[in-house]
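# Secondary and tertiary structure notes
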Amino acid sequence: MAARILMVLSASIIFTLGVVHLVYTFWGAKLTPRDPALQISMSQISPVITKETTMWRCWVGFNASHSMGLMLFGLVFVFLALAHDQLLFQSPFLLVVGLAMLGGFVVLCKVYFFNGPLTGVCISLACFVTSIALSRA
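Just so it is clear, the model here is predicted, and its values are computed rather than measured. (Residues numbered from 1 in each chain as written. Predicted model: local features only at pLDDT ≥ 70, side-chain atom pairs only at ≥ 80, totals over all residues. Heavy atoms only, no water.)

### Brief notes about the packing of aromatic side chains
Applying the stated criterion across every chain yields a total of four aromatic pairs. An aromatic cluster is built from F73, F77, F105 and F128, whose rings are joined through pairwise contacts. (Phe/Tyr/Trp six-rings, centres within 6.5 Å; stacked < 30°, edge-to-face > 60°.)

### Describing the environment of L87
As for its position among the elements, L87 is in helix α4 (residues 85-89). What L87 contacts, discounting residues up to four positions off in sequence, is L80 and L94. (Helix = DSSP H or I, 4+ residues; strand = E, 2+ residues; numbered from the N terminus. Contact = heavy atoms within 4.5 Å.)

### Overview of the packing of helix α2 (residues 36-44) against helix α3 (residues 55-83)
Orientation of α2 relative to α3, taken along the N-to-C sense of each, is 100 degrees, at an axis distance of 5 Å. Considering their axes alone, α2 and α3 lie roughly perpendicular with respect to each other. For the pair α2 and α3, the contacting residues are Q39, M42 and S43 in the first and M55, W56 and W59 in the second. Here the contact of α2 with α3 is composed, by residue class, of four nonpolar, two polar and no charged. (Axes fitted to C-alpha atoms, helices over the stretch in contact; angles between N-to-C directions. Parallel < 35°, antiparallel > 145°, perpendicular 65-115°, else oblique. Nonpolar A, V, L, I, M, F, W, Y, C, P; charged D, E, K, R; others polar.)

### Describing the nonpolar core
Grouped together as the largest cluster of nonpolar side chains are 23 residues, with contacts concentrated most on M7, I14, F77, L88, L95 and F128. Of all the secondary-structure elements, those providing two or more residues to this core are α1 (2-26), α3, α4, α5 (92-112) and α6 (115-136). For M7, the residues in contact, after removing those within four places along its chain, are F77, A81, L88, F89, L95, F128 and S131. (Core = buried A, V, L, I, M, F, W, Y, C linked by side-chain atoms within 4.5 Å. Buried < 20%, exposed > 50% of the residue type's maximum accessible area, 1.4 Å probe, protein only.)

Below, the structure written as structure tokens:
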């Protein structure tokens, strides 16, 4: 039971980070540049790959898709922990995928983000690893 609870907690943290990130992407100024001129410039310049979009639209899209990925991870692992815990805890594939994703999120947070998301993802990873250990005990 403790393994399931920790897995749900781990996945819920990631889901919550995704929801908060999605809200920050579309509402408010948390993910806008401090220098308004940069946003104007990003809105006028296209990336090298195409002229069909702007760097600003790419920025918003990347942030939204990042949020959706976090939310999907959280929803899938909460569902598996609650509805199919035997499958989850007996599947090396699912557990390795989850560990790889959380490990990747830790690296991304450390290299590209800031302490708030890093702390949340590290707590999520610790809960995930502990839940695996408890499921084996």
